[in-house]
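# Understanding the architecture of this molecule
Each chain, letter by letter, is given below.
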Amino acid sequence: MTTSTTVASQAEDTDAPALDLRGIDRRFDTARGVFTALRGVDITAQRGEFVSVVGPSGCGKSTLLALIAGLAKPQSGSVSVLGQQVSGVRKDVGLIFQKDALLPWRTALQNVMLPLRFRGVPRKEAEERATAWLERVGLGAFASSYPHQLSGGMRKRVAIAATLVYEPAVLLLDEPFSALDVQSRNLMENDLLDLWSVNRPTVLFITHDLEEAVGLSDRVLVMSAGPGKVIGDYAIPLERPRDLLEIRFDPAFVDLHHEIWEQLRGEVQRSRAAMPAPA
Ligand code: ADP
Ligand code: MG
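To keep things clear, this report deals only with the structure shown in the data block. Since this is a predicted model, take the numbers as computed values, not measurements.

## Description of the sheet that holds strand E5 (residues 84-85)
The strand order across the open sheet formed by four strands is E2-E1-E4-E5, and the pairing between neighbours is antiparallel. Each edge of the open sheet is held by one strand with a lone partner, namely strand E2 (33-45) and E5. Both strand E1 (residues 19-30) and E2 contribute to a ladder of nine bridges, which runs antiparallel. If you follow Leu19 over to E2, its bridge partner there is Ala45.

## Observations concerning the pattern of salt bridges
When the charged atoms of two side chains with opposite charge come close together, those side chains can pair. Per the stated rule, a full pass over the model turns up 15 salt bridges. A salt bridge links Arg219 to Glu49; the shortest N-O distance between them is 3.0 Å. Of this pair, Arg219 sits in strand E9 (residues 219-223) while Glu49 sits in the loop between E2 and strand E3 (50-54), placing them 170 residues apart in sequence. The residue Arg270 makes a salt bridge to Glu267 at a minimum N-O spacing of 3.0 Å. Within this pair, Arg270 and its partner Glu267 are both found in helix H7 (residues 251-273), separated by three residues, close to a single helical turn. Take Arg270: its relative accessible area is 46%, and that puts it in the partly exposed class. Taken together, the salt bridges that share partners define one network made up of Arg185, Glu189, Asp209 and Glu212.

## Re the sheet that holds E9
Pairing in this open sheet of six strands is mixed, and the strands run E6-E7-E8-E3-E9-E10 from one edge to the other. Whereas interior strands pair on both sides, the edge strands pair on one side only; in this sheet they are strand E6 (93-97) and strand E10 (230-235). Strand-to-strand twist in this sheet, taken as the mean axis angle between neighbours without regard to direction, amounts to 15 degrees. Inspection of the sheet shows strand E7 (residues 170-174) paired to strand E8 (residues 202-207) by five bridges, in the parallel sense. Paired with Val170 across the two strands is Thr202, which belongs to E8. This element, H7, spans E3, E9 and E10 of the sheet and lies at about 175 degrees to E10.

## A closer look at the pairing of E7
Burial analysis of E7 places five of its five residues in the buried class, which makes it a mostly covered element. A two-sided burial pattern is seen for E7, the buried positions comprising Val170, Leu172 and Asp174 on one face and Leu171 and Leu173 on the other. As judged from the five bridges shared by E6 and E7, these two strands associate in the parallel manner. Paired with Phe97 across the bridge in E7 is Asp174. Between the parallel pair E7 and E8, the chain is carried across by helix H5 (residues 182-199), and the sense of this crossover is right-handed.

## Some thoughts on the packing of aromatic side chains
A complete count under the given rule lists three aromatic pairs for this structure. Ring geometry for Phe50 versus Phe205: centroids 6.1 Å apart, planes at 35 degrees, classification tilted. Separated by 155 residues along the polypeptide, Phe50 in strand E3 and Phe205 in strand E8 bring together distant segments of the chain. One exposure class covers both Phe50 and Phe205, and it is buried. Aromatic rings pair up to connect Phe50, Phe177, Trp196 and Phe205 into one cluster.

## Focus on the site of ligand 1
Close contacts around ligand 1 come from Phe28, Thr30, Phe35, Ala37, Pro56, Ser57, Gly58, Cys59, Gly60, Lys61, Ser62 and Thr63, and that covers them all. One of the backbone N or O atoms of Cys59 is found 3.2 Å from an oxygen atom in ligand 1. Between Ser62 and ligand 1, the recorded distance is 2.9 Å, taken from a side-chain N or O atom to an oxygen atom. Relative to its unbound accessible surface of 560 Å², ligand 1 loses 63% to contact with the protein. Broken down by element, the residue count for the shell around ligand 1 peaks at three residues, all from helix H1 (residues 61-68).

Conventions adopted
Residues numbered from 1 in each chain as written. Chains lettered and ligands numbered in written order. Predicted model: local features only at pLDDT ≥ 70, side-chain atom pairs only at ≥ 80, totals over all residues. Heavy atoms only, no water. Pairing = 2+ DSSP bridges. Helix = DSSP H or I, 4+ residues; strand = E, 2+ residues; numbered from the N terminus. Salt bridge = Lys/Arg side-chain N within 4 Å of Asp/Glu carboxyl O. Buried < 20%, exposed > 50% of the residue type's maximum accessible area, 1.4 Å probe, protein only. Axes fitted to C-alpha atoms, helices over the stretch in contact; angles between N-to-C directions. Contact = heavy atoms within 4.5 Å. Right-handed = clockwise from strand over helix to strand, strands pointing away. Phe/Tyr/Trp six-rings, centres within 6.5 Å; stacked < 30°, edge-to-face > 60°. Near = heavy atom within 4 Å. Polar contact = N/O pair within 3.5 Å; in protein donor to acceptor, adjacent residues only side chain to side chain. Areas by Shrake-Rupley, 256 points an atom, 1.4 Å probe, with all protein chains shown as cover.

In structure tokens, the structure reads:
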């Protein structure tokens, strides 16, 4: 993966969609030749929309996120964020991965302050804003704890606070909760929706879990087995606020889940069939 550390200018076209990907191809040079991970991907997300992307393992979901985050470039096609062509990492895009990126030698509070300090926020203001976000994620009492003193779910909360604290206009999440047990996961999903409703950033949420995608989103995109492309786009008109602990019993949820699964199942089977047999 090519990494760019350029920080793009922040002037933006306020009428443009928050995310606009057109005709994306992404290939990798490998020892066995050129490998096509994404072919002809088109995605648009409006401001404030919560969009999930589901697809079988290896279909190119993380590759897609890296292109939007400005961590890599496509071989063809264009990627725009807030009306601007992506040419590097932007300060107004937040990223949350499965593995949290907390610094082990800094306390929870210091971890949440760090992105603000990077953005030139004075120490006192950074501390106030970070403290407020730690309280918002329910960790006010753990400000001076180090990551190793916190549970997996608590570390995830610190990572979310450390991203939302700088109020990104676009939030990209790559299977953020997949390492958590089911109950902690549903609670985190509820908290994410509460936190999202504060500033309503545009969200692109990557997951292989269809239940999670339907529960959280305004729209669910289905990707094909590799080379990945978007083959389904489903509106999720379920009322908000939603409770992820209960929503799976709602008949409207069950119908949507069933309809999307009809399409996703085929891709999961195709992707499994394409897996090389063990040596
Ligand atoms: P997903 O996140 O959907 O599970 P990825 O985006 O991680 O899938 O990967 C898509 C495909 O691209 C996989 O087959 C993976 O092996 C391949 N791939 C990803 N990154 C690279 C790379 N740097 N070099 C070669 N192949 C890669
Ligand atoms: Mg992935």
